[in-house]
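So the chains spell out like this:
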Amino acid sequence: MCATVIGGTGVALPETVIDQHNLSSLLPEGHGATKALDKIVAGSGIDQRRLAVDPRVEDVASWPTSERMERFQREGLPLARAAVATALGEASVEPEEIGLLCLVSSTGYGTPGVESRLLSELGMRPSTRRLHVGHMGCFAALPGLAACDDHVRAHRSPAVLVNLELSSLHLQPPPWDVEQLVINALFGDAAAAMVLHAPEHGSGPGVVDLVSLTDREHEDHMSWYVGDHGFVMGLSSQVPDLIGQALPTLVSDLLSPYGLRPEGVDWWAIHPGGRRIVDAVEHSLALDPAQVKNSREVLRLSGNCSSSGLPLVMDSMLHSSPLAPGEHGVAMTFGPGLTLNAALLRGQEGTGRNGGPGDHR
């Protein structure tokens, strides 16, 4: 039996919905990139995105970084609160039982900030440990999961992981080249939460192991820096191919110690970083299209939500096709550095009092 299980998940999305097919109408007058942007959108696999700040109403691109950080606190707290409350309810865990609250975000910072305010707003103890995993980008969900897993193993008290990403706050000032147009068309906003606890507390998929791979030779192909007008991303068109090349090593490092091979994995949760990234994973690991359909659907409806993207996929899969006892699942993320992370999960025998992920009744 695994030492840590995922007992509940929760998701909260902003109300503003951007229709991708009308995206070029938002270009500044005279920009001249309508055809280029329409082509990017057509090949993106994204139909819509949820944004915390509506660029049709407010000129985000003109804001200084300080204003963007203030807005992160204002917009992010209610989303994080809603996601965590849902995950706690699904796991049948009371707020005062939480030993660690881990906030993962690469799009907003401030102290006191979202994670400290969540303690009082949700009724957690003042002695609850807090951790902020920051500025790791799209792969950060699994380092956050690893920190929560370590806490549960060491202290046998539940932990909450909340991924809160508001990428809409980092729209850069024009003019925009093709790389920036891709970034502008790709990212969405979301909050997603998980409650992790010991198996005696309730049922859920177990966390078996986590691995990481940093491709330093190609680290500059994806970057994320603090600028005067928000955070600035660099994104090379070679990233999907580089991920595809590195994946066999990462997956072997994860599965081999347990006598597993990719064909023996029942469930794949892939970070929805973009259509070409999901394609690269599918082809590199020889997966069936049905095995990546949840990632494609999250991408279609929400875009790339940075570190919240994988938790959105896991929330979907844990509810629609939970791991049966003895089945194995792999979750993976990719981000700046160039960094790849993966986690091995295993379905557990139902032991719980809840109706959440992994409760097979």
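Residues numbered from 1 in each chain as written. Predicted model: local features only at pLDDT ≥ 70, side-chain atom pairs only at ≥ 80, totals over all residues. Heavy atoms only, no water.

**Topic: the overall build of the protein chain**
Rule in force here: The numbering of helices and of strands both runs from the N terminus, where a helix is a DSSP run of H or I of at least 4 residues and a strand a run of E of at least 2. When a residue's accessible area, from a 1.4 Å probe over protein chains only, is under 20% of the maximum for its type it is buried; when over 50% it is exposed; and in between it is partly exposed. The Shrake-Rupley method, run with a 1.4 Å probe, gives the accessible areas here. Residue values count only the displayed protein chains as cover. Note that His is not counted, nor are the chain ends; the positive residues are Lys and Arg, and the negative ones are Asp and Glu. Think of each charge as sitting on NZ of Lys, CZ of Arg, CG of Asp or CD of Glu.
From N to C terminus, the protein chain includes nine helices and 13 strands. For the C-alpha atoms alone, the extent of the protein chain along its principal axes is close to 60 × 45 × 35 Å. Residues classed as buried in the protein chain amount to 60% of the 361 residues present. For the protein chain, the accessible area works out to roughly 14000 Å², and carbon and sulfur atoms hold 50% of it. For the protein chain, the centre of its 25 positive side-chain charges and the centre of its 42 negative side-chain charges are spaced 2 Å apart.

**Observations concerning the nonpolar core**
Just so we agree on the cut-off: What we call a nonpolar core is a set of buried Ala, Val, Leu, Ile, Met, Phe, Trp, Tyr and Cys residues that are connected through their side-chain atoms within 4.5 Å. We call two residues in contact when some of their heavy atoms are within 4.5 Å.
Among the nonpolar cores identified, the biggest contains 41 residues, and Leu247, Trp268, Met332 and Phe334 are the most heavily contacted of them. Per element, the largest residue contribution to this core is nine residues, and it comes from helix H6 (residues 239–255). Setting aside chain neighbours within four positions, we find Met332 in contact with Leu142, Leu247, Val251, Trp268, Ala269, Ile270, His271, Val281, Leu285, Leu310, Asn341 and Ala342. Judged by nonpolar contacts, the second largest core, of 32 residues, contains Val133, Ala192, Met194 and Val298.

**Overview of the pairing of strand S11 (residues 267–270)**
What counts is decided by this rule: Two strands qualify as a pair provided that DSSP identifies no fewer than 2 bridges between them.
Side chains Trp267 and Ala269 of S11 all project onto a buried face; the interleaved residues Trp268 and Ile270 project onto the opposite face, where all are buried too. In terms of strand pairing, S11 meets strand S12 (residues 328–335) through four bridges, oriented parallel. Looking across to S12, one finds that Trp267 is bridged to Gly329.

**So, the pattern of salt bridges**
Definition in use: By convention in these notes, a salt bridge is any Lys or Arg side-chain nitrogen within 4 Å of a carboxyl oxygen on Asp or Glu.
All told, the structure shown has 15 salt bridges when counted by the stated rule. Taking the shortest distance from any N to any O, the salt bridge between Glu75 and Arg71 comes out at 2.8 Å. Within this pair, Glu75 and its partner Arg71 are both found in helix H2 (residues 65–91), separated by four residues, close to a single helical turn. The partly exposed category is assigned to Glu75, whose relative accessible area is 21%. The buried category is assigned to Arg71, whose relative accessible area is 10%. Between Arg276 and Asp241 there is a salt bridge, and its shortest N-O distance comes to 4.0 Å. With a gap of 35 residues between them, Arg276 in helix H7 (residues 275–284) and Asp241 in helix H6 connect regions that are remote in the sequence. Counted as one network, the salt bridges with shared partners bring together Arg275, Asp279, Glu282 and Arg296.

**Some words on the layout of surface pockets**
Note the cut-off: Residues are said to line a cavity or pocket when one of their atoms sits within 4 Å of a point; the points come from a 1 Å grid over protein atoms alone, cavities being sets where a 1.4 Å probe fits but cannot get out and pockets being open sets with protein on both sides within 12 Å along at least five of seven lines. Grid points are joined across faces, edges and corners, and a volume is the space filled by probe spheres set on the points. Amino acid classes used here: Ala, Val, Leu, Ile, Met, Phe, Trp, Tyr, Cys and Pro are nonpolar; Asp, Glu, Lys and Arg are charged; the rest, including Gly, are polar.
Within this model, the largest pocket holds a volume of roughly 640 Å³. Every residue lining the largest pocket is counted, 37 residues in all, and those nearest its centre are Arg49, Ser168, Leu171, Gln172 and Asn184. Listed by contribution, the elements that provide at least two residues to the lining of the largest pocket are strand S3 (48–51), helix H5 (178–186) and strand S10 (230–235). Size it by volume and the second largest pocket reaches roughly 510 Å³. In terms of lining, the second largest pocket is formed by 26 residues, of which the most central are Val182, Leu186, Leu235, Gly274 and Arg276. Elements with a contribution of two residues or more to the lining of the second largest pocket: helix H1 (34–42), H5, S10, H6 and H7. Of the residues assigned to the lining of the second largest pocket, the class counts are 14 nonpolar, eight polar and four charged.

**Digging into the confidence of the model for the protein chain**
Regions with low pLDDT should not have their predicted coordinates read in detail. Put simply, the rule reads: In predicted models, pLDDT denotes the confidence assigned by the predictor to each residue on a 0 to 100 scale.
Across the protein chain, pLDDT averages 93, with 96% of residues at or above 70. Counting contacts from residues 351–356, a segment whose pLDDT is below 50, to residues more than four positions away or on other chains yields 22 contacts.

**Here we look at the side chain of Arg49**
The condition is simple: Identification of polar contacts relies on pairs of N or O atoms within 3.5 Å, with a donor-acceptor requirement for protein atoms, meaning one able to donate a hydrogen and the other able to accept it, and with residues adjacent in sequence counted only if both atoms are side-chain atoms.
Within the fold, Arg49 resides in strand S3. Buried and without a salt bridge, Arg49 has Asp189 as its closest oppositely charged side chain, separated by 7.3 Å. A distance of 2.7 Å separates the side chain of Arg49 from the side chain of Gln20, its partner in a polar contact. Within the local environment of Arg49, its side chain forms a polar contact with the backbone oxygen of Asn184, the two atoms lying 3.0 Å apart.

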